Amino acid sequence: MAFIQSQRNRILPYIISCGLVFLTTLFGELVKKRLEPTNIVMFYLLAVVFVAIRWGRGPAIATSIISVLVFDFFLVPPYLTFSVNHIQYVFTFVAFLVVGIVVSTFASKVREQIIQRQTEKLQTALLNSISHDLKTPLVSITGALTALLDRKSSLDAQHIRELSETALGESDRLNRIVNNLLDMTKMESGVLRISKKPCDLRDLMGACLEQLKDKIGARDIKIDIPKDFPEIAVDFPFILKAFFNVIDNALKYSPDGSPVEIRATFVQRKVQVKIQDYGLGISREDLKRIFEKFYRVERSQNVLGTGLGLCISKGIIEAHGGEISVESTPGKGSTFTVELPLE
Ligand code: ADP
């Protein structure tokens, strides 16, 4: 699915470029009585520059070639044929192609530089964020293990158990962060392969809550899945991760005593799962951004996290042809809705 998506992303600029050439030709048709064809060429060049800046060299060169052909066919007399009256037009075509290719090369170089600078900035932000997130559990693990190995201190059994549990819990967290980062990289490079198999939503939720059992503790998790619920076709481990992140957030961003509710319904060959909490809630401005990579709400900085969870969930759910959305009232709680197609 993600692979198809990346293919589609590659073809889209070419389709849009054709659309731009079409619009320029339409405009040329309107003004061809008043403007010389050699002037109309300038508008095609504008389209080439735009495409080059937006999508780089390949689509820009394609735009140049299509422009010359369409321009000749529709706007150079004799119309609706590729033949030309004056040799001058052949020079125009050649000049256009050369200028088009040179402009494409320059514009795409500028574009690459801009992208590289943005990537560098993002990488620094990413590195800062990751190194902090990786360091925190590592410091705890090292602390716990050092205390355990300290021969001078005589630890009682209870204390040893607590320290071991800390080390284990933090290793688990570290493992999750690294896995999240790997998933993110896989998603971005388009190698996330989804393999769907029929699965029971109850089993899925059961597995998810099992993984979260330590965090759930004594908290009240209400599950409402109708008895005749149909099987859904999903990639079990991936969709498990997607739900894990959402339910984990519901627990993280709500007070200990409050319940978390999971309700499932199916309508018109679609499955809808709602995860509702009665916690912090999310402000209107943050709602727009919480699915972005590394985005964390200012207020939740005291809660551990990387800002990757929801972005990964969204990627996985969309790779299944589904959608994830959220409604929230600050101070009252949030409801995340996951929609998945039945097949
Ligand atoms: P994080 O690792 O920070 O939890 P996520 O991508 O999972 O990253 O979430 C992004 C941000 O969205 C979080 O930092 C948090 O502020 C906000 N958020 C996510 N889920 C909830 C929720 N159920 N209630 C309140 N805020 C939430």
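Nothing here was measured: the structure is a model prediction, and the numbers come from that model.

(A) Representation of the packing of aromatic side chains in the model. One pass over the structure, following the stated rule, counts 8 aromatic pairs. Taken together, a centroid distance of 6.0 Å and an interplanar angle of 85 degrees make the contact between Phe71 and Phe93 edge-to-face. Taken together, the residues span a long stretch of sequence, with Phe71 in helix H3 (residues 57-75) and Phe93 in helix H4 (residues 87-149) at a distance of 22 residues. Residue classification places Phe71 among the buried residues on the basis of a relative accessible area of 3%. Using a relative accessible area of 12% as the deciding quantity, one classes Phe93 as buried. Aromatic side chains Phe73 and Phe74 sit 5.1 Å apart centroid to centroid with 80 degrees between the ring planes, which places their arrangement in the edge-to-face category.

(B) Inspection of the sheet that holds strand E4 (residues 260-267) at higher detail. Strand order across the open sheet formed by 5 strands is E2-E4-E5-E7-E6, with mixed pairing between neighbours. Looking along the sheet, the strands with just one partner apiece sit at the ends: strand E2 (221-224) and strand E6 (323-329). Between one strand axis and the next, the sheet turns through 15 degrees on average, direction left out of account. Note that E6 and strand E7 (residues 333-341) share 7 bridges and pair antiparallel. Its bridge partner being in E7, Glu327 is matched across the sheet by Thr335. Across the sheet, helix H8 (residues 236-252) is in contact with E2, E4, strand E5 (270-277), E6 and E7; its angle to E5 comes to roughly 25 degrees.

(C) Inspection of a nonpolar patch on the surface at higher detail. Residues Ile87, Val90, Phe91, Val94, Val98, Val102 and Phe106 make up a contiguous nonpolar surface patch of about 690 Å² in total accessible area. Looking at the secondary structure, you find Val102 in helix H4. Take Val102: its relative accessible area is 38%, and that puts it in the partly exposed class.

(D) Summary view of the pairing of E4. Inspection of the sheet shows E2 paired to E4 by 4 bridges, in the parallel sense. If you follow Ile221 over to E4, its bridge partner there is Val260. Counted along the chain from E4 to the antiparallel partner E5, the turn is 2 residues long, and its residue Gln268 has a positive phi close to 45 degrees.

(E) Representation of the nonpolar core within the structure. The biggest cluster of nonpolar side chains holds 54 residues, and the ones touching the most others in it are Leu201, Phe243, Ile247, Val273, Ile275, Ile290 and Phe336. The element contributing the most residues to this core is H8, with 10 residues. One finds Val41, Ala52, Val70 and Tyr89 within the second-largest nonpolar core, a separate group that totals 19 residues.

(F) Main features of the packing of helix H2 (residues 37-55) against H3. It is at 8 Å that the axes of H2 and H3 come closest, and there the two elements cross at 160 degrees. By the angle between their axes, H2 is roughly antiparallel relative to H3. The crossing of H2 and H3 is right-handed. Residues Pro37, Ile40, Val41, Tyr44, Val48, Val51, Ala52 and Trp55 of H2 pack against Arg57, Pro59, Ala60, Thr63, Ser64, Ser67, Val70, Phe71 and Leu75 of H3. Grouping the constituent residues of the contact of H2 with H3 by class yields 13 nonpolar, 3 polar and 1 charged.

(G) Spatial organisation of the confidence of the model for the chain. Across the chain, pLDDT averages 87, with 95% of residues at or above 70. Considering only residues more than four positions removed or in separate chains, one finds that residues 1-5, a stretch of pLDDT under 50, has 5 contacts.

(H) Region of the structure containing helix H10 (residues 309-319). The buried fraction of H10 amounts to 8 of the 11 residues, a majority that puts the element mostly inside the structure. Three or more residues of H10 are buried, namely Gly309, Leu310, Cys311, Ile312, Ser313, Ile316, Ile317 and Ala319. Its buried side turned inward, H10 meets helix H5 (157-188), H8, E6 and E7.

(I) Structural context of the side chain of Asp183. Of note, Asp183 is situated in helix H5. The exposure class assigned to Asp183 is buried, which follows from its relative accessible area of 4%. Sequence-distant contacts of Asp183, that is, excluding residues within four places in its chain, are made with Phe238, Lys241 and Ile312.

(J) Fine view of H3. Over its 19 residues, H3 extends 26 Å from the first C-alpha to the last, a length consistent with the 27 Å expected when each residue adds 1.5 Å. When H3 is considered as a whole, its buried residues turn out to be Pro59, Ala60, Ala62, Thr63, Ser64, Ser67, Val68, Val70, Phe71, Asp72 and Leu75.

(K) Summary view of the packing of H8 against H10. Relative orientation of the contacting elements H8 and H10 amounts to 145 degrees, with a least axis distance of 9 Å. Seen from above, H8 lies across H10 with left-handed handedness. Contacts between H8 and H10 involve Phe238, Ile239, Lys241, Ala242, Asn245, Val246 and Asn249 from the former and Gly309, Leu310, Ile312, Ser313, Ile316 and Ile317 from the latter. In terms of residue class, the contact of H8 with H10 is made up of 8 nonpolar, 4 polar and 1 charged.

Conventions and cut-offs
Residues numbered from 1 in each chain as written. Predicted model: local features only at pLDDT ≥ 70, side-chain atom pairs only at ≥ 80, totals over all residues. Heavy atoms only, no water. Phe/Tyr/Trp six-rings, centres within 6.5 Å; stacked < 30°, edge-to-face > 60°. Helix = DSSP H or I, 4+ residues; strand = E, 2+ residues; numbered from the N terminus. Buried < 20%, exposed > 50% of the residue type's maximum accessible area, 1.4 Å probe, protein only. Pairing = 2+ DSSP bridges. Axes fitted to C-alpha atoms, helices over the stretch in contact; angles between N-to-C directions. Contact = heavy atoms within 4.5 Å. Patch = residues over 30% accessible without salt bridge, like charges linked within 9 Å, V, L, I, M, F, W, Y side chains within 5 Å. Areas by Shrake-Rupley, 256 points an atom, 1.4 Å probe, with all protein chains shown as cover. Salt bridge = Lys/Arg side-chain N within 4 Å of Asp/Glu carboxyl O. Core = buried A, V, L, I, M, F, W, Y, C linked by side-chain atoms within 4.5 Å. Parallel < 35°, antiparallel > 145°, perpendicular 65-115°, else oblique. Left-handed = near helix turned anticlockwise from the far one by under 90°. Nonpolar A, V, L, I, M, F, W, Y, C, P; charged D, E, K, R; others polar. pLDDT = per-residue confidence, 0-100. Expected span 1.5 Å × (residues − 1).

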